[in-house]
Amino acid sequence: MDISHVILYAIVPIIVVMLAGFVSGKKGIFSGDDAKKFNKVVLDYALPAALFVSIVDATREDLVKDIKLTVISTVGIMACFMLVYFIFKYCFKKNTGADAAISALISGSPTIGFLGFAVLEPIFGTTPAVALVVAIVGIVVNAIGIPVGLSLMNASIEKQSPQSGKKESAWKPVIHALEQPVAWAPILAVIWVVAGIPWPHWANPSFDLIKGANASLAVFSAGITLSAIKISINWQVVLGSIMKMIVMPAVILILGLLFHMDPFNLKMLVVACALPPAFSGIIIADEYNQYVATGTSSLTLSVILFVGFCPLWIWITELCLHAFA
C-alpha cells in the first residue's frame, strides 16, 4: 500500500479538520459544551446510521467469514483494556481503582466511533468490510468495554465511600450501554442480515445524508475538545500513549497472524486498534471528575503520535503478512 496515499487521504484531512476545530475553540467560536453536543449528534445519529446502512449491505457469508475478526477483536481489545487497568492500579500507588478504570477506558479503547470511518475508508475504500470492522470494534468498546470500566470505577468509588448510597446493579452499565444507538444499531443490522431480509436500496439516501456528517463532525469536535485541554506530560501520560499506540495494535497483529486471520481484515483491524484513545473515556472522566487531567493529556499525546504510527503500523502489518505468507 502506498504510504503517501495514506498520509494524503487519511491523515492530512483529519489534521486539517481537527485544526479547524482547535482554532475555533481557541477563538471562542465554539466551546467544550458545544463539542459535547456535536459528539451527541455523532454518537446518537450519524454513526449509528453509518453503521446500520453499511452492514445491511453485507451477506451472511460475509458475517461467517468475519467470525475470526469478531473473536480476535473482543479478546485482543479487552485483554489490553484489563492490562491497562491492572498496570495503572498496581504500578502507580497514588491511583485509585477509579483512576485505573478511567485509564482503561481511555488508553485501553480505540476511538472507533469518532475516527473509524474517517481513517479506514480513505485507506481501504467504502465497503461493507470496513463497516463491519468499525461496527465490531465499536460494539466491543461500547457494549463491553464501557460497562466493564464503569463497573470497576463504581466499585472503587463505593469502596472509598461505602456510605455514599445504595449499591447499583452490576448489570446497569451493560443495559445503559446497550440502550445507546451506537450499540444497538449495528446489532440490529447484523440480525437483519442473518435473518436474510432484503434491504431496500431506495432507503439508503435517507441514511446517507446524516451518516455523511459522521467523520467530519467527529474530527471537528475532537479539535474543539483538545483546545480546552491543558496539556501536562508525565510518566502516566507517556505510558498510556505507549499502551494505546504500540501495545494494542501489536497484540492484535500477533493474534491475527497466529490464527491466520484474513489479511485484508487484519490490516483494517490493526489500523482501527492503532487509533487514538476513545473520547468516550474523557467524557466519562469529566462526568465523574476522575483522572481528567492525565487522561486528557494522554489523549492529546496519542492524537499527535497517531500521525506517525498509522502509516507505520500499515507498513509493519504488510511486512509481517509477506513474511508469514
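Anything mentioned here points back to the structure above.
Residues numbered from 1 in each chain as written. Predicted model: local features only at pLDDT ≥ 70, side-chain atom pairs only at ≥ 80, totals over all residues. Heavy atoms only, no water.

1. Digging into the overall build of the protein chain
Broken down by element type, the protein chain carries 15 helices and 0 strands. Scaling as 2.2 N^0.38, a compact globule of 325 residues should have a C-alpha radius of gyration of about 20 Å, and the protein chain matches this with 19 Å. Overall, the protein chain is about 55 × 45 × 45 Å in size when its C-alpha atoms are taken along their principal axes. Put simply, the protein chain has 325 residues, and 51% of those count as buried. Pairs at least 24 apart in sequence give 87% of the contacts found in the protein chain among residues at least 6 apart. Considering the protein chain, the positive charge centre built from 19 side chains and the negative charge centre built from 18 side chains are found 10 Å apart. (Helix = DSSP H or I, 4+ residues; strand = E, 2+ residues; numbered from the N terminus. Rg over C-alpha atoms; globule rule 2.2 N^0.38 Å. Buried < 20%, exposed > 50% of the residue type's maximum accessible area, 1.4 Å probe, protein only. Contact = heavy atoms within 4.5 Å. Lys, Arg positive; Asp, Glu negative; His and termini not counted. Charge placed at Lys NZ, Arg CZ, Asp CG, Glu CD.)

2. Some thoughts on the packing of helix α5 (residues 97-107) against helix α7 (residues 128-160)
Where α5 contacts α7, the axes come no closer than 7 Å and their chain directions differ by 165 degrees. Between α5 and α7, the angle falls in the class roughly antiparallel. Our pair here, α5 against α7, has a crossing hand that is left-handed. Seen from α5, the contacting residues are G97, A98, A101, I102 and L105; seen from α7, they are G145, I146, G149, L152, M153, S156 and I157. Of the residues in the contact of α5 with α7, the class split is 8 nonpolar, 4 polar and no charged. (Axes fitted to C-alpha atoms, helices over the stretch in contact; angles between N-to-C directions. Parallel < 35°, antiparallel > 145°, perpendicular 65-115°, else oblique. Left-handed = near helix turned anticlockwise from the far one by under 90°. Nonpolar A, V, L, I, M, F, W, Y, C, P; charged D, E, K, R; others polar.)

3. Remarks on a nonpolar patch on the surface
A contiguous nonpolar surface patch, about 460 Å² in accessible area, is contributed by I7, L8, Y9, V12 and V16. Among the secondary structure elements, I7 is positioned in helix α1 (residues 3-26). Here I7 falls in the partly exposed class, since its relative accessible area comes to 34%. (Patch = residues over 30% accessible without salt bridge, like charges linked within 9 Å, V, L, I, M, F, W, Y side chains within 5 Å. Areas by Shrake-Rupley, 256 points an atom, 1.4 Å probe, with all protein chains shown as cover. Salt bridge = Lys/Arg side-chain N within 4 Å of Asp/Glu carboxyl O.)

4. Observations regarding the side chain of T317
In this fold, T317 is placed in helix α15 (residues 292-323). A polar side-chain atom of T317 sits 2.6 Å from the main-chain carbonyl oxygen of W313. (Polar contact = N/O pair within 3.5 Å; in protein donor to acceptor, adjacent residues only side chain to side chain.)

5. Quick word on unusual backbone geometry
Although it is not a glycine, H260 adopts a positive phi angle of roughly 50 degrees. If you trace the backbone, H260 turns up in the loop between α12 (235-258) and α13 (263-273). Here H260 falls in the exposed class, since its relative accessible area comes to 65%.

6. Let's talk about α1
The end-to-end C-alpha separation of α1 is 32 Å, in line with the 34 Å expected for 24 residues at 1.5 Å each. Of all bends in α1, the biggest is about 35 degrees, found at I11, and the proline P13 comes one to four residues later. Taken as a whole, α1 has its buried residues at V6, A10, I11, I14, M18, G21, S24 and G25. Packed against the buried residues of α1 are α6 (112-124), α11 (213-227) and α15. Of the residues trailing α1, G28 is marked for its positive phi of about 85 degrees. (Expected span 1.5 Å × (residues − 1). Bend = angle between axes of the 7 residues up to and from the residue.)

7. Concerning the nonpolar core
If you look at the biggest cluster of nonpolar residues, it comprises 100 residues, and the most contacted ones within it are V119 and C310. Take this core: its biggest share by element is 13 residues, from α7. Each residue touching C310, except ones within four places of it in the same chain, is listed here: V6, I11, V119, I123 and V271. (Core = buried A, V, L, I, M, F, W, Y, C linked by side-chain atoms within 4.5 Å.)

8. Details of the packing of aromatic side chains
Here the structure, examined in full by the defined rule, presents 12 aromatic pairs. Consider the rings of Y85 and F86, whose centres lie 5.3 Å apart with planes at 70 degrees: the pair is edge-to-face. By relative accessible area, Y85 is classed as buried at 5%. Their ring planes at 10 degrees and their centres at 6.2 Å tell us that F86 and Y90 sit as a pair that is stacked. Of this pair, F86 and Y90 both sit in helix α4 (residues 67-90), 4 residues apart, which is roughly one turn of that helix. Assessed through its relative accessible area of 41%, F86 is described here as partly exposed. A connected cluster of aromatic rings, assembled from ring pairs, spans F52, W192, W199 and F207. (Phe/Tyr/Trp six-rings, centres within 6.5 Å; stacked < 30°, edge-to-face > 60°.)

9. A word on the side chain of S227
Within the secondary structure, S227 is located in helix α11. Judged by relative accessible area, which is 9%, S227 ranks as buried. For S227, the side chain forms a polar contact with the main-chain oxygen of I224, separated by 2.5 Å. Once you skip the residues sitting within four places of it in the chain, S227 turns out to touch F22, G25 and K26.

10. Topic: α6
Helix length check: α6 (13 residues) gives 15 Å between terminal C-alpha atoms against 18 Å at 1.5 Å per residue, more than 12% under. α6 sits mainly inside the fold: 11 of its 13 residues count as buried. Among all positions in α6, only I112, G113, F114, L115, G116, F117, A118, V119, L120, I123 and F124 are buried. With its phi angle positive at about 95 degrees, G125 sits one or two positions after the end of α6.

So, to be careful, I would describe these as geometric facts and stop short of saying anything about function.
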